[in-house]
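Report on the structure
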Amino acid sequence: MKRTPHTMLLAACAATMAACMEFGPLDEEPFGFSQGGVFITCEGNFGSDNASLSFYQPSERTVENEVFSRANGMRLGDVAQSMALHRGRGYVVVNNSGVVYVIDPASCAVTGLIEGVVSPRYIHFPNDTTAYVTDLYDPRITVVDTRSNRIRGRIAMNGHKSTEQMAQWGDELFVNCWSYDDKLLVVDTRREQLVDSIEVGPQPTSLVCDRHGKIWTVTEGRTDGIPAVLYRIDAATRTIERSFLFPAGDHPSELVLNGRRDTLYFLNRDVWRMPVTAEALPTTPFLPYSGTTYYGLGVDPRNSEVYVADAIDYVQHGVVYRFSPRGEALDTLRVGITPGSFCFWQPEQNQ
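Okay, so let's go over this structure. (Residues numbered from 1 in each chain as written. Predicted model: local features only at pLDDT ≥ 70, side-chain atom pairs only at ≥ 80, totals over all residues. Heavy atoms only, no water.)

What about unusual backbone geometry?
Although it is not a glycine, Arg-61 sits at a positive phi angle of roughly 55°. Note on placement: Arg-61 falls in the loop between strand S2 (52-57) and strand S3 (62-64). Backbone geometry places Ser-304, a non-glycine residue, at a positive phi of 65°. The topology assignment puts Ser-304 in the loop between strand S23 (294-299) and strand S24 (306-310). (Helix = DSSP H or I, 4+ residues; strand = E, 2+ residues; numbered from the N terminus.)

Points about the side chain of Gln-81
Considering the arrangement of structural elements, one finds Gln-81 in strand S4 (residues 80-86). Polar side-chain contacts of Gln-81 include one of 3.0 Å to the side chain of Arg-121. Not counting residues up to four positions away in its chain, the partners in contact with Gln-81 are Thr-41, Val-93, Asn-95, Pro-120, Arg-121, Tyr-122 and Ser-341. (Polar contact = N/O pair within 3.5 Å; in protein donor to acceptor, adjacent residues only side chain to side chain. Contact = heavy atoms within 4.5 Å.)

So, the sheet that holds strand S18 (residues 229-234)
Judged by pairing direction, the sheet is antiparallel, and its 4 strands sit side by side in the order S16-S17-S18-S19 without closing on themselves. Either end of the sheet is taken by a strand with one partner, and the two such strands are strand S16 (204-209) and strand S19 (239-245). On average, adjacent strands in this sheet sit at an angle of 20° to one another, irrespective of strand direction. Judged from the 5 bridges that link them, strand S17 (residues 214-219) and S18 form a sheet pairing that is antiparallel. Looking at S18, one finds that Ile-215 is bridged to Ile-233. (Pairing = 2+ DSSP bridges. Axes fitted to C-alpha atoms, helices over the stretch in contact; angles between N-to-C directions.)

Considerations on the pairing of S24
Along S24, 5 of the 5 residues are buried, which leaves the element largely enclosed by surrounding structure. By the alternation rule, side chains of S24 split into Val-306, Val-308 and Asp-310 and Tyr-307 and Ala-309, which are all buried. In the sheet, S23 pairs with S24 via 5 bridges, with the strands oriented antiparallel. Each bridged residue has a counterpart across the sheet, and for Tyr-294 the counterpart in S24 is Asp-310. The antiparallel pairing of S23 with S24 creates a hairpin that spans 6 residues between the two strands, and Ser-304 there sits at a positive phi of about 65°. (Buried < 20%, exposed > 50% of the residue type's maximum accessible area, 1.4 Å probe, protein only.)

Things to note about the nonpolar core
Core analysis: the biggest nonpolar cluster contains 24 residues, and Leu-53, Leu-76 and Tyr-101 have the highest contact counts within it. Secondary structure elements with two or more residues in this core: S2, helix H2 (67-72), S4, strand S5 (89-94), strand S6 (99-103), strand S7 (110-114) and strand S27 (339-345). Residues Val-208, Phe-244, Met-274 and Val-276 belong to the second largest nonpolar core, which totals 15 residues. (Core = buried A, V, L, I, M, F, W, Y, C linked by side-chain atoms within 4.5 Å.)

Points about the state of the cysteines
Applying the stated criterion across every chain yields a total of 0 disulfides. Not part of a disulfide, Cys-177 finds its nearest cysteine sulfur in Cys-209, a span of 18 Å. The buried category is assigned to Cys-177, whose relative accessible area is 0%. (Disulfide = S-S within 2.5 Å.)

Re the pattern of salt bridges
Tallied over the entire structure, the rule returns 25 salt bridges. Here Arg-302 ties to Asp-300 by a salt bridge, and the two come within 2.9 Å at their closest N and O atoms. The class for Asp-300 is buried, based on a relative accessible area of 1%. Counted as one network, the salt bridges with shared partners bring together Lys-214, Arg-232, Asp-234, Glu-241, Arg-242 and Glu-279. (Salt bridge = Lys/Arg side-chain N within 4 Å of Asp/Glu carboxyl O.)

Written as structure tokens, this is what we have:
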């Protein structure tokens, strides 16, 4: 393979990774996506170095798989956890490889690398020049300067062993502690300090902020009889406004909002949705269970089309189903192993 400056950058990136990971070299293939679509992170299998990134263009009903490895000539790594967009760049968080790749969404080419994190989970941008990275095994949030992709600090979580998803309201960042914890943490983004916590049920798994300044999270519950609960929390007062209890044995997860942030979607065997003003859980599913392994959920912010990831058996390549806002089946696409999260991209937006 010809050693271009691009491949030299990637070789340097690969050299910083764990020696047990096989990252390449592979053949490079140029991409030039000009139409909007959705990136799908496919986790792969833990410890197997087979995570991947897919890109789907709904206007053309076409999907390109393995776009990261095809564009960069090296593997994505071990467990692609999530992806986010910020100011025209994509940030792919690879959990077990301990790295965040910065890519050009149009070409999928790597333009930077965030390393020095233990087990990154999600990335959030409190302002134009800062990124926060949560971690499964580090009791701190990592603070990154997005201009250089270098770590400039850490925010201690004062005894909480891990952090997960993030949702911002004003200058306050709400963070859930999923791993054997029962708290939502509140970080002041101006001082970059932990300032408060809110007790919820065991292991909150998702976190979003609706258009009315309400924080939503859902907990897993426990096998000893503590049920799963969906919480609505007022961000201004940090108080729980409403607790929606699920029947015993339910396992809700994957909270997401539509583009207007007035409708909540979640997985609980079926796919469910409810207005954020609702005072009771829905009784009829939006998309009934059909014998599949629903693993990931996304809603296109432009048109409220719904994407559901099916992990099948977590070994073979997974499937993504696309539905209209009315629940009509629109498309089915084959992607990588264990598809888990969705990231919607528009080239004309300076995200």
